[in-house]
Amino acid sequence: MVKLQLWLLVFTGLSGAIAQTDLKGQVFVFPKESADAHVILNMNHHGPLQNFTVCLRYFTDLTRPYSLFSYATKAKDNEIHLFKDEPGVLLLVVGGKWVDFKFPENTGTSRGWKHVCASWESATGIAEVWVNGNPLPRKGLQKGYSVSNQGMIVLGQDQDSFGGGFDASQSFVGELTDVCMWDLATARDAVRAASADSQLPPSVLSWGALQYQIKGYVVLKPLLSLWH
Ligand SMILES: *[C@@H]1O[C@H](CO)[C@@H](O)[C@H](O)[C@H]1NC(C)=O
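For every chain, the first residue of the written sequence is number 1, and numbering continues from 1 onward in sequence order. Local features in this predicted model are restricted to residues whose pLDDT is 70 or higher, and side-chain atom pairs enter the listing and the counts only when it is 80 or higher, whereas totals over whole chains, interfaces and linings include all residues. The basis for every side-chain value is the complete set of heavy atoms in the structure, and neither hydrogens nor water enter the calculation.

- The name that an unreviewed UniProt entry assigns to the protein chain is Pentraxin family member, with the source organism given as Pelodiscus sinensis.
- UniProt positions are given in the numbering used here, feature names are shortened, and annotations may be inferred rather than shown by experiment. Here the protein chain is described in UniProt, under the heading Sequence similarities (unreviewed entry), as follows: "Belongs to the pentraxin family."
- The UniProt entry for the protein chain carries the following comment under Subunit (unreviewed entry): "Homopentamer. Pentaxin (or pentraxin) have a discoid arrangement of 5 non-covalently bound subunits."

Next up, the structure:
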């Protein structure tokens, strides 16, 4: 049994308390479509990012567009955005520019949890996206760009402004877990670690030591499985 550990409490004025918690085996359930249910995550990084990798697992039956990971700054609402545009098409946005990645969407009984890792490196602009352990053809964007660390990460909604501007028709409905981020372009290593049920060392954002705030109707639940 996973015992949640409360490591640290940080009081951040008006926004209340933020706990740093090991969420292994837990998922955020977004039970219904809304324009306000979301989770705010704290990013732990000093200075701009030249490289990053974001990984997460999601489980949904949505076929309309939805946001998976929205990172906005005051200057750019899509500083980093992982957006499911339509079935089989994932957009990665860096600094307001986007590239699309296409993959065969599972149908029927094999429809289930999807594991996605996306990485980007400034030196070449090369973006890598892996879906369920398989790399997709690499693309490039924003060569030479630096990602600001002065932003806000939101799960469940697409930020069209810093911390807000939500649209129910782009909200996420379903389950999200294992959200992690590193300041290295190491999608392959992250995918390998995930498939071995291990973790890379904590970095910018770690599911094993997550600082999060739930806003609206989002419920933290154990992963639903017959065997665990
Ligand atoms: C970003 O990654 C490149 C290689 O992928 C590396 O040479 C560079 O040092 C990295 N930059 C930072 C700031 O970590």
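Continuing now.
## Considering the overall build of the protein chain
Turning to step 1, where the next piece is worked out: Note on conventions: DSSP H or I runs of at least 4 residues are helices, E runs of at least 2 residues are strands, and numbering of each starts at the N terminus. Within the protein chain, the secondary structure is distributed over one helix and 17 strands.
Turning to step 2, where the next piece is worked out: Accessibility here uses a 1.4 Å probe with only protein chains present; expressed as a share of the type maximum, an area under 20% marks a residue as buried, one over 50% as exposed, and anything in between as partly exposed. For the protein chain, the proportion of its 228 residues judged to be buried stands at 49%.
Turning to step 3, where the next piece is worked out: Throughout, a residue-residue contact means that at least one pair of heavy atoms, one from each residue, lies within 4.5 Å. Summarising the internal contacts of the protein chain: among those between residues at least 6 apart in sequence, 68% fall at separations of at least 24.
Turning to step 4, where the next piece is worked out: A total accessible area of about 11200 Å² is found for the protein chain, and carbon and sulfur atoms account for 55% of it. Working definition of accessibility: Shrake-Rupley area with a 1.4 Å probe, residue cover restricted to the visible protein chains.

## Points about the site of the ligand
Turning to step 1, where the next piece is worked out: Nearness is defined per residue: one heavy atom within 4 Å of the molecule or strand is enough. The full set of residues close to the ligand is Gln50, Asn51 and Glu121.
Turning to step 2, where the next piece is worked out: Side-chain polar atom of Asn51 to an oxygen atom of the ligand: 2.6 Å apart, as the coordinates give it.
Turning to step 3, where the next piece is worked out: The separation between an oxygen atom of the ligand and a polar side-chain atom of Glu121 is 2.6 Å.
Turning to step 4, where the next piece is worked out: Out of a free accessible area of 360 Å², the ligand has 36% covered by protein chains. Polar contacts, as used here, are pairs of N or O atoms within 3.5 Å; protein pairs need one atom able to donate a hydrogen and one able to accept it. Residues neighboring in sequence count only if both atoms are side-chain atoms.

## Notes on the pattern of salt bridges
Turning to step 1, where the next piece is worked out: Counted as salt bridges are all cases of a side-chain nitrogen of Lys or Arg within 4 Å of a carboxyl oxygen of Asp or Glu. All told, the structure shown has seven salt bridges when counted by the stated rule.
Turning to step 2, where the next piece is worked out: Glu105 serves as the salt-bridge partner of Lys84, at 3.0 Å between the closest nitrogen and oxygen. Of the two residues, Lys84 is situated in strand 7 (residues 80-86) and Glu105 in the loop between strand 9 (97-102) and strand 10 (114-121); the sequence distance between them amounts to 21 residues.
Turning to step 3, where the next piece is worked out: Its relative accessible area of 26% is what places Glu105 among the partly exposed residues.
Turning to step 4, where the next piece is worked out: Of the charged contacts in the structure, one is a salt bridge between Asp100 and Lys102, with a shortest N-O distance of 3.2 Å.
Turning to step 5, where the next piece is worked out: Look at the salt bridges and you will find they share partners, linking Lys84, Glu105 and Lys114 into a network.

## Some details on the state of the cysteines
Turning to step 1, where the next piece is worked out: Cysteine sulfurs are considered disulfide-paired once they come within 2.5 Å of each other. Under the definition given, this model contains one disulfide.
Turning to step 2, where the next piece is worked out: Paired through a disulfide, Cys55 and Cys117 show a sulfur-sulfur distance of 2.0 Å. When the S-S torsion is 110 degrees, as for the bridge of Cys55 with Cys117, the disulfide is right-handed. Taken together, the residues Cys55 in strand 5 (residues 51-59) and Cys117 in strand 10 connect sequence positions 62 residues apart.
Turning to step 3, where the next piece is worked out: Unpaired in terms of disulfides, Cys180 finds its nearest cysteine sulfur in Cys55, a separation of 7.0 Å.

## Quick word on helix 1 (residues 187-195)
Turning to step 1, where the next piece is worked out: Listing the buried residues of helix 1 in full gives Ala187, Ala190, Val191, Ala193 and Ala194. With its buried residues spanning 160 degrees around the axis, helix 1 presents them on a single face. Turned more than 90 degrees off the buried face of helix 1, the exposed positions are Arg192 and Ser195.
Turning to step 2, where the next piece is worked out: Each element contacted by the buried residues of helix 1 is listed here: strand 5, strand 10, strand 11 (126-131) and strand 15 (174-182).
Turning to step 3, where the next piece is worked out: Note on helix 1: the residue one or two positions beyond its end, Asp197, has a positive phi of about 55 degrees. To be clear, the arc concerns the directions from the helix axis to the C-beta atoms.

## What about the environment of Phe69?
Turning to step 1, where the next piece is worked out: With respect to the helices, strands and loops of the structure, Phe69 is situated in strand 6 (residues 66-73).
Turning to step 2, where the next piece is worked out: A relative accessible area of 0% places Phe69 in the buried class.
Turning to step 3, where the next piece is worked out: For the pair Phe69 and Val179, spaced 110 residues apart in the sequence, the C-alpha separation amounts to 9.0 Å.
Turning to step 4, where the next piece is worked out: Among all residues touching Phe69, those that are not within four sequence positions of it are Val54, Leu56, Ile80, His81, Leu82, Ile153, Val154, Leu155, Val179, Met181 and Leu205.

## Concerning the confidence of the model for the protein chain
Turning to step 1, where the next piece is worked out: With 89% of its residues at a pLDDT of at least 70, the protein chain reaches an overall mean of 89.
Turning to step 2, where the next piece is worked out: The pLDDT value tells you how sure the predictor is about a given residue, anywhere from 0 up to 100. Here strand 1 (residues 6-11) stands out as the least confident element of the protein chain, with mean pLDDT 36; strand 13 (residues 139-140) is the most confident, with 98.
Turning to step 3, where the next piece is worked out: In the model, residues 1-16 has pLDDT below 50 throughout and makes 29 contacts with residues more than four positions away in sequence or in other chains.

## Quick word on unusual backbone geometry
Turning to step 1, where the next piece is worked out: Despite not being glycine, Gln142 has its phi angle at roughly 55 degrees, a positive value.
Turning to step 2, where the next piece is worked out: Considering the arrangement of structural elements, one finds Gln142 in the loop between strand 13 and strand 14 (151-155).

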